[in-house]
Amino acid sequence: MDLKTFKLLHPVKYYKDYLENNIRPDGRELEDLRPLAISFGVINSADGSAIVKLVCSPSYRPGPPSEEAQVHSRSLADAISNAHCIDLQDLCISPGKLVWALYCDLTCLDHDGCVFDVAIISLVAALHTVKLPTIQYNHDTGETRTDTSTFSPLSVHCVPVTTTFVMVSDRLITDPTSEEEKLASTTLTVTVSDGKMSFFNQSGGDPFDSAALKNCTDSALKRERSVRRMIQSMMNKLKGGKDQ
């Protein structure tokens with residue numbers, strides 16, 4: 001039996017043979033993260049945009065939001081809210097009368113696991129590029145006038161970063177692929193903002209012991225620092241390019 005057929009017939013045994021040697025089929029060790037790439041301002045017609053690359057699989061096809069997408073949408077809102085990434089007062093134009101409404105569309109181009117992690121980073125990166133025009137509101141008439149000659153950046157107060165972990169055959173795996181997610185007995189996502197845990201989400205029946213949780217939090221803290229530096233570096237480059 002060739003390796004491809006064995007993987008299709010016995011996926012758990014296939015992965016378990018790798019995990020017993022502390023390695024995964026894609027060559028990564030159990031705690032290794034995949035390389036991350038961020039690009040800002042990629043959609044000219046949007047007020048803010050970004051692309052984050054981590055997942056890559058030709059099996060994804062566009063279509064209406066799935067049940068998974070709807071669950072992720074709710075979790076994204078909770079993660080951003082709990083981290084206080086955006087102060088809603090900053091969106092107020094005239095108290096009790098007029099506020100900005102931000103509509104955030106996230107599209108998964110490819111899906112090979114940890115789509116929630118990438119969605120969080122994409123959303124936060126895009127928020128860093130949002131610029132809002134000056135709005136003049138007449139309290140007497142209720143009329144508004146938009147000044148498109150001046151724009152102000154949206155205030156983003158922190159960079160929440162999520163890292164996903166799964167248990168496969170009693171082994172803790174960081175940044176799982178879609179195949180590893182399907183084989184997982186338990187999934188844990190840890191969101192870190194400014195060096196502090198801001199959001200946890202666990203699904204599955206197997207509990208994480210204290211040692212595993214510490215490994216997860218340590219890895220999540222390390223990733224948050226790395227992504228925060230990447231976004232700050234990109235913002236500095238954008239500001240430098242405009243000043244020249």
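Notes on the structure in this doc start here. Because the structure is predicted, anything quoted here is derived from the model rather than measured.

Thoughts on the sheet that holds strand β9 (residues 186-193)
- Ordered in space as β8-β7-β9-β10, the four strands form an open sheet in which the pairing is antiparallel. Across the chains shown, the open sheet's two edge strands, defined by having one partner strand only, are β8 (171-174) and β10 (196-204). Pairs of neighbouring strands in the sheet enclose a mean axial angle of 20°, with direction left out of account.
- Relative to the sheet, helix α3 (residues 67-82) contacts β9 and β10, its axis offset from that of β10 by approximately 155°.

Re helix α4 (residues 115-127)
- The terminal C-alpha atoms of α4 lie 18 Å apart, and with 13 residues this matches the ideal 18 Å at 1.5 Å per residue to within 8%.
- With 13 of its 13 residues buried, α4 lies for the most part within the structure.

Examining helix α2 (residues 11-19)
- Among the residues of α2, Tyr14, Tyr15 and Leu19 are the ones counted as buried. Take α2 and look down its axis: the buried residues cluster within an arc of 130°, on one side only.
- Tucked inside the fold, the buried residues of α2 contact α1 (3-9), β7 (161-168), β8 and α5 (178-183).

Focus on the nonpolar core
- One finds Ile38, Phe40, Ile121, Leu154, Val227 and Ile231 to be the most contacted residues of the largest nonpolar core, which totals 33 residues.
- Looking at this core, the elements that each hand over two or more residues are β1 (37-40), β2 (50-53), α3, α4 and α6 (210-243).
- In terms of residues, this core owes the most to one element, α4, which gives 10 residues.
- Setting aside residues up to four positions removed in sequence, Ile121 forms contacts with Leu36, Ile38, Val52, Val161 and Val227.
- Within the second largest apolar cluster, 11 residues are counted, among which are Met167, Val190, Phe208 and Ala212.

Overview of the packing of α3 against α4
- The interhelical angle for the contact between α3 and α4, taken along N-to-C directions, is 50°, at an axis separation of 10 Å. It follows that α3 is oblique to α4 by the angle criterion. For the element pair α3 and α4, the recorded crossing hand is right-handed. Counted together, Glu68, His72, Ser75, Leu76, Ala79 and Ile80 of α3 and Val115, Phe116, Ala119, Ile120, Leu123 and Val124 of α4 form the full contact between these two elements.
- Classifying every residue of the contact of α3 with α4 by side-chain character gives nine nonpolar, two polar and one charged.

Quick word on the pairing of strand β6 (residues 144-153)
- Summarising the sheet, strand β5 (residues 131-137) and β6 pair through seven bridges and their orientation is antiparallel. Each bridged residue has a counterpart across the sheet, and for Gln136 the counterpart in β6 is Arg145.
- Where β5 folds back onto β6 in an antiparallel hairpin, the turn is made up of six residues, including Gly142, whose phi is positive at roughly 75°.

Looking at the side chain of Arg34
- Mapped onto the elements, Arg34 comes out in the loop between α2 and β1.
- The exposure class assigned to Arg34 is buried, which follows from its relative accessible area of 12%.
- At a separation of 3.3 Å, a polar atom in the side chain of Arg34 contacts the main-chain carbonyl oxygen of Pro176.

Description of the pairing of β9
- Counting buried residues in β9 gives seven out of eight residues, a clear majority hidden from the surface.
- Examined bridge by bridge, β7 and β9 share seven bridges and lie antiparallel to one another. Within β9, the position partnered with Thr164 by the bridge is Thr189.
- Pairing of β9 with β10 involves eight bridges; the strand directions are antiparallel. By the bridge assignment, Thr189 is partnered in β10 with Asn201.

What counts and what doesn't
- Residues numbered from 1 in each chain as written.
- Predicted model: local features only at pLDDT ≥ 70, side-chain atom pairs only at ≥ 80, totals over all residues.
- Heavy atoms only, no water.
- Pairing = 2+ DSSP bridges.
- Helix = DSSP H or I, 4+ residues; strand = E, 2+ residues; numbered from the N terminus.
- Axes fitted to C-alpha atoms, helices over the stretch in contact; angles between N-to-C directions.
- Contact = heavy atoms within 4.5 Å.
- Expected span 1.5 Å × (residues − 1).
- Buried < 20%, exposed > 50% of the residue type's maximum accessible area, 1.4 Å probe, protein only.
- Arc of directions from axis to C-beta.
- Core = buried A, V, L, I, M, F, W, Y, C linked by side-chain atoms within 4.5 Å.
- Parallel < 35°, antiparallel > 145°, perpendicular 65-115°, else oblique.
- Left-handed = near helix turned anticlockwise from the far one by under 90°.
- Nonpolar A, V, L, I, M, F, W, Y, C, P; charged D, E, K, R; others polar.
- Polar contact = N/O pair within 3.5 Å; in protein donor to acceptor, adjacent residues only side chain to side chain.

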